[in-house]
Amino acid sequence: MAKYWLTIVIFILIKTNVYSQKTENYQNKQTQSFCKMLHQTSSDGIIMFGIANGLDFLYSKPLCSDNSTSDCKKITGKNPLFVENDFLFSSEKKFWNNELELTKKAALEQGIAIGYCWHLRGMNSKSFYNNREDTFLAKKILIDGSVEQKWFINLIDTLLTPTFKKLGFPIIFRPFHEMNGNWFWWGKNNISPQEYIKLYRLTVDRLRKNEVNNLLYAWSPDTRFDTAYYPGDNYVDVCGLDAYEPGCSPYHGNKIFATEFEKLIEFTKNHKKLSAICETGLREYNGVWRYPMEIPQFWTQKVIGQITNQDNKSKGIAYVMSWYNADWNKDNKGSLYYPHPKIKQQFGKKGKEAIKDFKKLKKMKNVYFQGEGIKFYQQE
């Protein structure tokens, strides 16, 4: 009997060791080094400032794909240190091919850390939003041999895999975000937590099978840090929170943000993961864009200010990312999440205050923009 139990204990120890090392076995040495560096910088209290599509979108010129400048650089003199692109725009072929080359230069020549998210358009609706045509899409993708699964796997094989391999350097990939909301076809109204976990793992497993070894995987629920959808330690490197209107609205007041932020930090500490605020900003409410009209000091007070006020628990936050500016209709009424040069003309005194606040954000010692002494990538 003693021999029997000893065999079980040895088996468990072996399995535990294999499991703990398994994630790194799917990462090349450069990606492992990248991950360790992020752990070090975040533990030192350094927060990378990021912008979604930060080099591809000027407010007045979305999808420009020109990394020589940005709205961020025009205000602060520097680009963001972290940029998350989106596979959503891969259908814009001319833009996409140029964007890949410029992204490579941004990483290897400017030292900007790169991420990708995936607003995957549904197979039937051609929209990433929750539409009737794709109500059961997420469930059907999980059925072996289904048309939906073949469609999904083909996208991984023909879009994601060659893109990540072409870029080559370490990338933070964030698929199927905000799953605890009801606005995406992979959201809570269409899929159970268990099914979501299978969908996320299917994505990661396929990329690993395709020998994509330069990725860190990010996972980010919305507003509430709901771990019911957590894919597991072997599938996630960065645990994040999409936290819009922190401390600015009834549905996301100071107390709610503080509570959920604390859950995020505690969870990532216990699971040895990186943590991040993967999306934030102050958006439209009752038909009015609230930034910068209501809170021009939004970035220093409501975002970084609240994070750094959490009893020094900001140590461990790898990055904070703003959503992007885009005046799609060129009528100065487009979405606005951080200042751009014309904000003074649009909003007068409040616009000037917002620019001043954003420059103050750039000067914060613990918030890093591009070119501030961190070099994540070495060109081989």
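Reading guide: rules and limits
Residues numbered from 1 in each chain as written. Predicted model: local features only at pLDDT ≥ 70, side-chain atom pairs only at ≥ 80, totals over all residues. Heavy atoms only, no water. Helix = DSSP H or I, 4+ residues; strand = E, 2+ residues; numbered from the N terminus. Expected span 1.5 Å × (residues − 1). Buried < 20%, exposed > 50% of the residue type's maximum accessible area, 1.4 Å probe, protein only. Arc of directions from axis to C-beta. Polar contact = N/O pair within 3.5 Å; in protein donor to acceptor, adjacent residues only side chain to side chain. Contact = heavy atoms within 4.5 Å. Axes fitted to C-alpha atoms, helices over the stretch in contact; angles between N-to-C directions. Parallel < 35°, antiparallel > 145°, perpendicular 65-115°, else oblique. Nonpolar A, V, L, I, M, F, W, Y, C, P; charged D, E, K, R; others polar. Bend = angle between axes of the 7 residues up to and from the residue. Phe/Tyr/Trp six-rings, centres within 6.5 Å; stacked < 30°, edge-to-face > 60°. Lys NZ or Arg CZ within 6 Å of the ring centre and 35° of its normal. Salt bridge = Lys/Arg side-chain N within 4 Å of Asp/Glu carboxyl O. pLDDT = per-residue confidence, 0-100.

**With respect to unusual backbone geometry**
Argument step 1. Here Y291 and P292 are connected by a cis peptide whose omega angle stands at 5°.
Argument step 2. Examined against the element boundaries, P292 turns out to sit in the loop between β9 (288–289) and α9 (298–308).
Argument step 3. Even without being a glycine, N332 presents a positive backbone phi close to 60°.
Argument step 4. Mapped onto the elements of the fold, N332 is located in the loop between β10 (317–322) and α10 (343–363).

**Observations concerning helix α8 (residues 254–271)**
Argument step 1. The terminal C-alpha atoms of α8 lie 26 Å apart, and with 18 residues this matches the ideal 26 Å at 1.5 Å per residue to within 8%.
Argument step 2. For α8, the set of buried residues is F257, E260, F261, L264, I265, F267 and T268. The arc that holds every buried residue of α8, seen down its axis, measures 165°, which confines them to one face. Pointing more than 90 degrees away from the buried face of α8 are the exposed residues K255, K269 and N270.
Argument step 3. Phi for K272, located one or two positions after α8, is positive at around 60°.

**A look at the side chain of N190**
Argument step 1. Within the secondary structure layout, N190 lies in the loop between β4 (171–175) and α7 (193–209).
Argument step 2. Assessed through its relative accessible area of 6%, N190 is described here as buried.
Argument step 3. Looking at N190, its side chain comes within polar contact range of the main-chain oxygen of W185, at 3.3 Å.
Argument step 4. Not counting chain neighbours up to four residues away, the residues in contact with N190 comprise N130, D134, T135, K139, F184 and W185.

**Points about the packing of α9 against α10**
Argument step 1. Between α9 and α10, the shortest axis-to-axis distance is 8 Å and the interhelical angle comes to 45°. If you check the angle between α9 and α10, you find them oblique. Of the residues in α10, those touching α9 at F298, W299, T300 and I304 are D357, F358, K360 and L361.
Argument step 2. For the contact of α9 with α10, a count of residues per class yields five nonpolar, one polar and two charged.

**Re helix α6 (residues 147–167)**
Think of an α-helix as 3.6 residues a turn; residues three or four steps apart then line up on the same face.
Argument step 1. Taking 1.5 Å of rise per residue, 21 residues should cover 30 Å, and α6 covers 30 Å from first to last C-alpha, within 8% of that figure.
Argument step 2. The largest bend in α6 amounts to roughly 30° and is located at L160, with the proline P162 lying one to four residues further along.
Argument step 3. Note on α6: the residue one or two positions beyond its end, G168, has a positive phi of about 85°.

**Description of the side chain of R174**
Argument step 1. Mapped onto the elements of the fold, R174 is located in strand β4.
Argument step 2. Side chain to side chain, R174 and S220 meet in a polar contact 2.9 Å long.
Argument step 3. Ignoring sequence-local partners within four residues, the contact set of R174 consists of E84, Y116, C117, W118, A218, S220, D242, C278, E279, M321 and W323.

**Examining the packing of aromatic side chains**
Argument step 1. Under the definition given, this model contains 42 aromatic pairs.
Argument step 2. With a centroid separation of 5.5 Å and 55° between ring planes, the pair formed by F57 and F89 is classed as tilted. In this pair, F57 is assigned in the loop between β1 (47–52) and α3 (71–76) and F89 in the loop between β2 (82–86) and α4 (93–110), connecting sequence segments 32 residues apart.
Argument step 3. A relative accessible area of 8% places F89 in the buried class.
Argument step 4. Ring centres of F128 and Y129 lie 4.6 Å apart, and the angle between their planes is 45°; this geometry places the pair in the tilted category.
Argument step 5. For F128, a relative accessible area of 14% puts it in the buried group.
Argument step 6. When the ring centre of Y235 is taken as reference, the NZ or CZ atom of R208 above it lies at 5.3 Å.

**Section: the environment of L108**
Argument step 1. In this structure, L108 sits in helix α4.
Argument step 2. Here the alpha-carbon distance between L108 and G77, two residues 31 residues apart in the chain, equals 20 Å.

**Re the pattern of salt bridges**
Argument step 1. Considering all chains together, one arrives at ten salt bridges under this definition.
Argument step 2. For R174, the salt bridge identified is with E84, shortest N-O distance 2.8 Å. With R174 in strand β4 and E84 in strand β2, the pair connects residues that are 90 residues apart, well separated along the chain. For the pair R174 and E84, a shared accessibility class is recorded, and that class is buried.
Argument step 3. Notably, a salt bridge pairs E245 with R283, separated by 2.8 Å at the nearest N-O pair. In this pair, E245 is assigned in the loop between β6 (238–242) and α8 and R283 in the loop between β7 (274–280) and β8 (284–285), connecting sequence segments 38 residues apart.
Argument step 4. Overall, the relative accessible area of 1% leaves E245 in the buried class.
Argument step 5. Take R283: its relative accessible area is 31%, and that puts it in the partly exposed class.
Argument step 6. Because the salt bridges share partners, they merge into one network encompassing E84, R174, D242 and E279.

**Here we look at the confidence of the model for the protein chain**
Argument step 1. Summarising the model, the protein chain shows a mean pLDDT of 90, and 91% of its residues fall at 70 or more.
Argument step 2. Confidence drops under a pLDDT of 50 for residues 1–21, and excluding neighbours within four residues, the segment shows two contacts in the predicted structure.

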